[in-house]
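In case you want the letters, here they are:
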Amino acid sequence: MSQDIRTIIEKHPLFSRLTQEQSERVARHARTLTLPEGQILFSQRDPANHFYFVRSGTIKLSRLAPDGNEKVIEFTNPGQTFAEALMFLDAPAYPVNASALTAAELISFDSRDFASMLRESVETCFLLMADMSQRLHGLIAEIDNLSLQTGSCRVASYLLKMAPTDSDSFTLDIPKGVMASRLSIKPETFSRILRNFQDNHILSIKGSQVTLLDRNALTLHAESMA
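Residues numbered from 1 in each chain as written. Predicted model: local features only at pLDDT ≥ 70, side-chain atom pairs only at ≥ 80, totals over all residues. Heavy atoms only, no water.

Chemist: Explain the overall build of the protein here, please?
Modeler: Scanning the protein for helices and strands turns up 8 helices and 11 strands. Considered along the principal axes of its C-alpha atoms, the protein spans approximately 60 × 40 × 30 Å. Looking at the 226 residues of the protein, the share that counts as buried comes to 39%. Taking the 23 positively charged and 26 negatively charged side chains of the protein as two groups, their mean positions are separated by 3 Å. (Helix = DSSP H or I, 4+ residues; strand = E, 2+ residues; numbered from the N terminus. Buried < 20%, exposed > 50% of the residue type's maximum accessible area, 1.4 Å probe, protein only. Lys, Arg positive; Asp, Glu negative; His and termini not counted. Charge placed at Lys NZ, Arg CZ, Asp CG, Glu CD.)

Here it is, written out as structure tokens:
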């Protein structure tokens, strides 16, 4: 069992209540994966035999619409897990595609063995349920945002979420088309909104570097429903 995997198992909430014997069991079945940018991890409808922890990089979760267009569902970043809820299903299959938006390093865990072990740990079951409940609330909030917020509002909210609290400058290295899909707007609409923010001196963009010039004005856009 590597020191890196041991450290993750000891610190991550999903594993923190495991006994030493359980932690060792999880680590024995864990594998480290390195994905180059653009590499597919799994495809929609593949058997869901593993769940994952992101050590570095960003994983893009997406689905293909009937017309063949990609809809980005979520970005999974370092310190986060994904696909763990599927272990509770009979013959589970991944409902999304997963690929490396940037070069990424993951730890893969055996879903079936972990589910078997959960029967021995009520505390861990409750931790996992709490995590899934939190994600459900996040999805409900996102549905509200898509229903009630304008495109400008969604872009402003996303930029504020990405901006650090102690600095007005940050790097936005996600391709604009991917970001537009995540926010459920067309790429040309996304570009137009950014140009409008720049023309109104709310922010400036140079390559992937974003600088907030008027954080208060951006916050007003994020809170507006009109």
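Chemist: Mind showing me how you'd approach the packing of helix α5 (residues 151-162) against helix α7 (residues 187-199) here?
Modeler: Each packed pair of helices is defined by two parameters, the angle between the axes and the distance between the axes. Following both chains from N to C, one finds α5 and α7 inclined at 70 degrees, their axes separated by 10 Å at the closest point. As judged from the angle between their axes, α5 and α7 are roughly perpendicular. Facing G151, S152, V155, A156 and L159 of α5, the residues of α7 in contact are F190, I193, L194 and F197. Here the contact of α5 with α7 is composed, by residue class, of 7 nonpolar, 2 polar and no charged. (Axes fitted to C-alpha atoms, helices over the stretch in contact; angles between N-to-C directions. Parallel < 35°, antiparallel > 145°, perpendicular 65-115°, else oblique. Contact = heavy atoms within 4.5 Å. Nonpolar A, V, L, I, M, F, W, Y, C, P; charged D, E, K, R; others polar.)

Chemist: What is the right way to look at empty space enclosed by the protein in this model?
Modeler: Within this structure, the stated rule accounts for 1 cavity of 30 Å³ or more. In this model, the largest cavity occupies a volume close to 40 Å³. Looking at the largest cavity, the residues that line it are V26, H29, F109, D110, D113 and F114. Counting only elements with at least two residues in the lining of the largest cavity, the list comes to β8 (104-110) and α3 (111-118). Residues of the lining of the largest cavity, tallied by class, amount to 3 nonpolar, 1 polar and 2 charged. (1 Å grid on protein atoms, 1.4 Å probe; cavity = no way out; pocket = protein on both sides within 12 Å on 5 of 7 lines; lining within 4 Å. Points joined across faces, edges and corners; volume = space filled by probe spheres on them.)

Chemist: Looking at this structure, how should I read the side chain of E84?
Modeler: Here E84 is to be found in the loop between β6 (81-82) and β7 (97-100). Within polar-contact distance, the side chain of E84 engages the side chain of T81 at 2.8 Å. (Polar contact = N/O pair within 3.5 Å; in protein donor to acceptor, adjacent residues only side chain to side chain.)

Chemist: Would you mind showing me how to read the packing of aromatic side chains here?
Modeler: Under the defined criterion, the tally for this structure stands at 9 aromatic pairs. Judged by centre distance (5.2 Å) and plane angle (25 degrees), the rings of F51 and F109 are stacked. With a gap of 58 residues between them, F51 in strand β3 (residues 50-56) and F109 in strand β8 connect regions that are remote in the sequence. Residue classification places F51 among the buried residues on the basis of a relative accessible area of 0%. The class of F109 is buried, set by a relative accessible area of 1%. (Phe/Tyr/Trp six-rings, centres within 6.5 Å; stacked < 30°, edge-to-face > 60°.)

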